[in-house]
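Architecture and fold: a report
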Amino acid sequence: MSSENGTVVFYGAGGYAKKRLDAWVEKGLIPVCFVDADTKKHYTWIESSSGTFEVLPLLDCIEKYPDFTLYLSVDPNIQLKIRDYLLELGIENKRILFTDEDEWRLGCDFIGKLIVFTPDFISTCCVKPDLRIKYHDNFEDDLEAYNSSVLILLENIKMGRPTPCDNCPKLIEGWYKKKPKPENVIFSSLFSNSTCNFQCFYCQAKDKFQVSYGKSAVVYLNNLAQTFPSTKFGVGLSDGEPTLNPELNEILDLVEKQKWTCSITSNASVYNAKIASLLRQGRLSLHVSLDSGTAETFAFIKGMNLFDRVVGNLKKYGSATREHSITFKYIILDGINDNNDDIDGFLEVAAELNARVHVANDAHYRVPLSDRAINACVELYQKAIAKNLKPEIIFELFIPVDRKRIQACLF
Ligand code: SF4
């Protein structure tokens, strides 16, 4: 039978296929035949209450049904192996589909899997403004609007129609769920009437700190827990300072109770015992943009003279922490922190805490960095490697020309 993906052929005529055949047919997946590599099964028939289907050799099937699509009707444990085998035989990727949940298509790791809740909009993506949708009056309507925006986006991508994802480097062909479900949620901390006690000069959210949004992340998270009871959500908190969020402890209690995980972007000026507890359990990762290694530079960048307090809090967290569950970010700022004192001071703290190191650029700073700043990125990276800190340069935050300049020095 033909479907939108061509003529349905089941690959694999073993016990698993016989067991699942009726369920697949009920879902509308009706094969014209089976194919199997086992020559003993060729030209035999599979009988079921859904019909009788012949088992053919692959070549016969290709000849008889040139627009075939092979649905893998083998045990899920060997599906990937069989897919690779078929690819090696020269079957195109797009002609191999899973009978159950996955399909080969253009996609990214966020579409339908991530929900971003900010004070102003909901989205499946942190990057593209055109994917944002407005809030409705309640969670159910918000979720429905989100789901239908995802379905329309996926449909448009599949049909090759223009979408906001066009030209995004994250949009790549691969195996994705046919119907992706939310797995990760990011809440702007400002959502729950939080604020920030710093004045980082590169911050884009500053103008939002004093506005009252009156929304509750706890309410949304409880609704998500009820709607998707078996999903182990990853909850991200960022924008504004999460430790000042009046709902923080309630959110972390929920994360612990549901056995979810949490990622917090904090300035670490306020120590929170619950964060330390979840770090200890391996349920939380903490991200801190330290951007400096001296008190003077820290005060200049952050607008607060709190370097010692922040480092002290980080050390307290560090003693509670599993290896690498704290990430230190160093946003390179031309003429401000591109010097040895800051780089060395920063790496000293990172090494003491066994933190991950991310070298980044201010995403909104769109002019090429000076040679000195580029050298600082390279030096920071190389010194972090020497200290065994597993550093990463977040290339997507650099403009292409700077990306190339850094790569030319490193590789
Ligand atoms: S714009 Fe890129 S990152 Fe965002 S949803 Fe589309 S493909 Fe994914």
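Analysis parameters
- Residues numbered from 1 in each chain as written.
- Predicted model: local features only at pLDDT ≥ 70, side-chain atom pairs only at ≥ 80, totals over all residues.
- Helix = DSSP H or I, 4+ residues; strand = E, 2+ residues; numbered from the N terminus.
- Contact = placed C-beta atoms within 7 Å.
- Pairing = 2+ DSSP bridges.
- Axes fitted to C-alpha atoms, helices over the stretch in contact; angles between N-to-C directions.
- Parallel < 35°, antiparallel > 145°, perpendicular 65-115°, else oblique.
- Left-handed = near helix turned anticlockwise from the far one by under 90°.
- Near = placed C-beta within 6 Å.
- Nonpolar A, V, L, I, M, F, W, Y, C, P; charged D, E, K, R; others polar.
- Buried ≥ 20, exposed ≤ 12 C-beta atoms within 10 Å, placed from the backbone.
- Arc of directions from axis to C-beta.
- pLDDT = per-residue confidence, 0-100.
- Right-handed = clockwise from strand over helix to strand, strands pointing away.

Once that is clear, we can look at the overall build of the protein. Assigned secondary structure in the protein consists of twelve helices and 18 strands. Overall, the protein is about 80 × 50 × 40 Å in size when its C-alpha atoms are taken along their principal axes. When contacts within the protein are restricted to residue pairs at least 6 apart in sequence, those whose partners lie at least 24 apart make up 72%.

Okay, the sheet that holds strand 13 (residues 234-238) next. Ordered by their spatial adjacency, nine strands build an open sheet running 10-9-12-13-14-15-16-17-18, and the pairing between neighbours is mixed. The sheet terminates laterally at strand 10 (122-123) and strand 18 (392-393), the two strands that pair on one side only. Judged from the four bridges that link them, strand 14 (residues 261-265) and strand 15 (residues 284-289) form a sheet pairing that is parallel. From the neighbouring strand, I264 faces strand 15, where its bridge partner is L286.

The subject of this paragraph is the packing of helix 9 (residues 307-319) against helix 10 (residues 340-353). Contact geometry of helix 9 with helix 10 gives a least axis separation of 9 Å together with a crossing angle of 20°. One finds that helix 9 runs roughly parallel with respect to helix 10. Remark: the crossing between helix 9 and helix 10 carries right-handed chirality. Mapping the contact onto sequence places V311, L314, K315 and G318 in helix 9 and V349, E352 and L353 in helix 10.

Let us look at the site of the ligand. The full set of residues close to the ligand is C108, F110, I111, T124, C125, V127, K128, P164, C165, C168, K170 and L171. Of the residues belonging to the shell around the ligand, the class tally is nine nonpolar, one polar and two charged.

Turning to helix 5 (residues 217-227), its buried residues number three or more, namely A217, Y220, L221 and L224. Each buried residue of helix 5 lies within a common arc of 95° when the element is viewed along its axis, so the set occupies one face. Where helix 5 is buried, its residues contact strand 9 (114-117), helix 4 (139-158), strand 12 (184-188), strand 13 and helix 6 (248-258).

Bringing the confidence of the model for the protein into the picture now. In the predicted model, the protein carries a mean pLDDT of 90, and the fraction of residues at 70 or more is 97%. Mean pLDDT across the elements of the protein bottoms out in strand 1 (residues 2-3) (51) and peaks in strand 3 (residues 33-35) (97).

Comment: phi is negative for the bulk of residues other than glycine, and the bulk of peptide bonds are trans. Residues other than glycine seldom take positive phi values, yet D239 does so here, at roughly 65°. Secondary-structure assignment places D239 in the loop between strand 13 and helix 6. Here K390, not a glycine, exhibits a phi torsion of approximately 50°, which is positive.

Turning to the environment of I91, a few remarks are in order. Secondary-structure assignment places I91 in the loop between helix 3 (79-88) and strand 7 (96-98). Counting along the chain gives 21 residues from I91 to L70, while the straight-line C-alpha distance between them is 9.2 Å. Residues in contact with I91, not counting those within four places in the same chain, are L70, L86 and I96.

Two elements, strand 16 (residues 326-332) and strand 17 (residues 356-361), share six bridges in a ladder whose sense is parallel. Residue pairing across strands places Y330 opposite V359, the latter belonging to strand 17. Crossover handedness for the path strand 16 to helix 10 to strand 17: right-handed. Direction of pairing for strand 17 relative to strand 18: parallel, over a ladder of two bridges. Residue pairing for strand 18: V359 is matched across the bridge by I393.

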